[in-house]
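Breakdown of the fold
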Amino acid sequence: MIICVTSNVAIDHTMTVPDYGLGGVFRPQSLLVVAGGKGINVARAIKTLGGEPLCAGFLGGYSGQSAAHMLNEEGLQAHWTQLQQGETRTCVILVDPQREQTSVINQAGPQVTDEDWQHLRDDLNAISTSAQYICFCGSLPPGTTEAAFRETLTELVQHGNAVWVDGSGLALQIAAAVPGVHLKINDEEAGSYLHMPVEHVEDVLKAGGALYEQTGASVIITMGARGAIYIDAQQRLLVRPPQVEVVSAVGSGDSFLAGWLHQLEAGKTPAEALLYAVSVGAANALSVGGAQFSITDVDDLLPQAQLQKL
């Protein structure tokens, strides 16, 4: 089982709106409303791939109840930590297929306290004994303190769980300072955190090496259509994804992480898992909505992925 923690859950409204712009009135051609957030997208993708994910994180208010209901209808198992105050956020995603453009409007989310994080730690400690892998994905809700998130990661690492973090800003800053935490981030996030350029693969490789030195655990940095680099104590790998006509890249990074963890749980090598992960990410880009891909597309794309040792 893989636990997918979304500390800042959202209800995502994804609208396909050709030629939208500033000002004016626009009507969507389609609307998709789902419970979202990066960790939920990862869980959804793992389920599509045949795995057994468990969703966890904070939910608040009536919108939180709606999100829990939506996920239950999808067949996703969950163990939520209820907030005493605040509402789970709503996000709006606008997709323009004609210009291959996507805009995302994210609410900040409900305010949380150290006490809320203690409740989440208690819940995770109760369920983590049956999970080898735990991933924390996305932004941290307002009010999160450095100590609260650091203690959560530290406890799980000390308990022997393989903890992966996919986040930016404060989440990345804290995670990169916790020994034993594995990182999966994109090149822009790495460059922003390390204050260094990431224009070329060599730059990304250097950034990954710097992050590995900090955590002592494996690091993945994704680069969109350029692929991803992987670094651990034994090897440095570059994986190139299949080339596809992108409909929407939203959720492709989450789908990549899902493919990666699903393959690791199945006992695959990092090289095998990377090839599969980029194929899952590419498959996700063929449709609208996070982790709304076809397993058939994954299988078709997998032979086109390429791996190189660095």
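Residues numbered from 1 in each chain as written. Predicted model: local features only at pLDDT ≥ 70, side-chain atom pairs only at ≥ 80, totals over all residues. Heavy atoms only, no water.

Regarding the environment of Val17
Stated formally: For the purposes of this entry, the term helix denotes a DSSP run of H or I that reaches at least four residues, the term strand denotes a run of E that reaches at least two, and both are numbered from the N terminus. It only takes one pair of heavy atoms within 4.5 Å for two residues to be counted as in contact.
Within the element layout of this structure, Val17 appears in the loop between β2 (10-16) and β3 (30-36). The residues contacting Val17, other than those within four sequence positions of it, are Phe26, Arg27, Pro28, Leu94, Val95 and Asp96.

Considering the nonpolar core
Quick reminder of the rule: Here the nonpolar core consists of buried residues drawn from Ala, Val, Leu, Ile, Met, Phe, Trp, Tyr and Cys, with membership extended through side-chain atoms lying within 4.5 Å. Relative accessibility decides the category of a residue: with a 1.4 Å probe and only protein chains considered, values under 20% of the type maximum give buried, values over 50% give exposed, and everything between is partly exposed.
Within the largest apolar cluster, 46 residues are counted, with the highest numbers of intra-cluster contacts made by Val42, Cys135, Ile220, Trp260, Leu261, Leu274 and Phe293. Per-element tally for this core: the top contributor is helix α9 (residues 270-284), with 8 residues. Excluding its chain neighbours within four sequence positions, the residues that come into contact with Val42 are Cys4, Cys135, Cys137, Asp254, Leu257 and Ala258. The next biggest cluster of nonpolar side chains, apart from the first, holds 45 residues, and it includes Leu120, Ile134, Ala190 and Ala207.

As for the sheet that holds strand β7 (residues 101-106)
Sheet strands pair by backbone hydrogen bonding; their relative direction is either parallel or antiparallel. Convention followed: When DSSP finds two or more bridges between two strands, those strands count as paired. The convention used is that axes are lines fitted to C-alpha atoms, helices contributing only their stretch in contact, and that angles between N-to-C directions extend from 0 to 180 degrees.
Strand order in the open sheet made by the 4 strands is β3-β2-β6-β7, with mixed pairing throughout. With one partner strand each, in any of the chains shown, β3 and β7 form the two edges of the open sheet. Neighbour to neighbour, the strand axes of the sheet diverge by 15° on average, direction disregarded. Where strand β6 (residues 89-96) lies against β7, 6 bridges are found, and the strand directions are antiparallel. Within β7, the position partnered with Leu94 by the bridge is Ser103. With respect to the sheet, helix α2 (residues 61-74) is in contact with β2 and β3, its orientation differing from that of β3 by roughly 100°.

With respect to helix α6 (residues 187-194)
Put simply, the rule reads: The term polar contact refers here to a pair of N or O atoms within 3.5 Å; inside protein, the definition further demands a hydrogen-donor-capable atom paired with an acceptor-capable atom, and it admits residues adjacent in sequence only when both atoms are side-chain atoms.
Among the residues of α6, Asp187, Glu189, Ala190 and Gly191 are the ones counted as buried. Packed against the buried residues of α6 are β9 (162-166), α5 (169-175), β10 (182-186), α7 (201-215) and β11 (219-222). Two to three positions downstream of the cap, the backbone nitrogen of Glu188 sits 3.1 Å from a side-chain oxygen, assigning the N-cap of α6 to Asn186. Residue His195 follows α6 closely and has a positive phi angle near 55°.

Observations regarding the UniProt feature "domain: Carbohydrate kinase PfkB" (unreviewed entry) in the protein chain
What counts here: UniProt positions are given in the numbering used here, feature names are shortened, and annotations may be inferred rather than shown by experiment.
With numbering matched to this structure, UniProt assigns "domain: Carbohydrate kinase PfkB" (unreviewed entry) to residues 6-291. Between the end C-alpha atoms of residues 6-291 there is a gap of 15 Å, over a span that is 39% helix and 24% strand.

A few points about the pattern of salt bridges
Our working definition: Here, a salt bridge means any side-chain nitrogen of Lys or Arg that lies within 4 Å of a carboxyl oxygen of Asp or Glu.
Enumeration over the complete set of coordinates arrives at 9 salt bridges. For the salt bridge of Glu74 with Arg44, the shortest nitrogen-to-oxygen distance reads 2.8 Å. Here the residue Glu74 occupies a position in helix α2, and Arg44 occupies one in helix α1 (residues 38-48), the gap between them amounting to 30 residues. Judged by its relative accessible area of 29%, Glu74 is partly exposed. Residue Lys184 pairs with Asp166 through a salt bridge whose shortest N-O separation is 3.1 Å. Residue Lys184 is located in strand β10, and its partner Asp166 is located in strand β9; the two are separated by 18 residues in the primary sequence. The exposure classification of Lys184 matches that of Asp166, with both residues buried. Overlapping salt bridges bring together Lys38, Asp166, Lys184 and Asp254 as one network.

Notes on the sheet that holds strand β1 (residues 2-6)
The mixed open sheet is built from 10 strands, whose spatial order is β5-β4-β1-β8-β9-β10-β11-β12-β13-β14. With partners counted over all chains shown, the strands left at the sheet margins are β5 (77-82) and β14 (306-309), one partner each. Across the sheet, the axes of successive neighbouring strands diverge by a mean angle of 15°, strand direction being ignored. One ladder, built from 4 bridges, connects strand β12 (residues 228-231) with strand β13 (residues 236-240); its direction is antiparallel. By the bridge assignment for β13, Ala228 is matched with Val239. Packed onto the sheet, α7 meets β10, β11, β12 and β13 and runs at close to 35° relative to β12. Lying over the sheet, helix α8 (residues 252-265) contacts β1, β8 (133-137), β9, β10, β11 and β12, oriented at roughly 170° with respect to β8.

Structural notes on the pairing of β11
In the case of a regular strand, side chains alternate between the two sheet surfaces. By the alternation rule, side chains of β11 split into Val219 and Ile221 and Ile220 and Thr222, which are all buried. Across 4 bridges, β10 lies against β11 in parallel orientation. Following the sheet pairing, Ile185 is matched in β11 by Ile221. Two elements, β11 and β12, share 4 bridges in a ladder whose sense is antiparallel. Bridged to Thr222 within β12 is Ala228.

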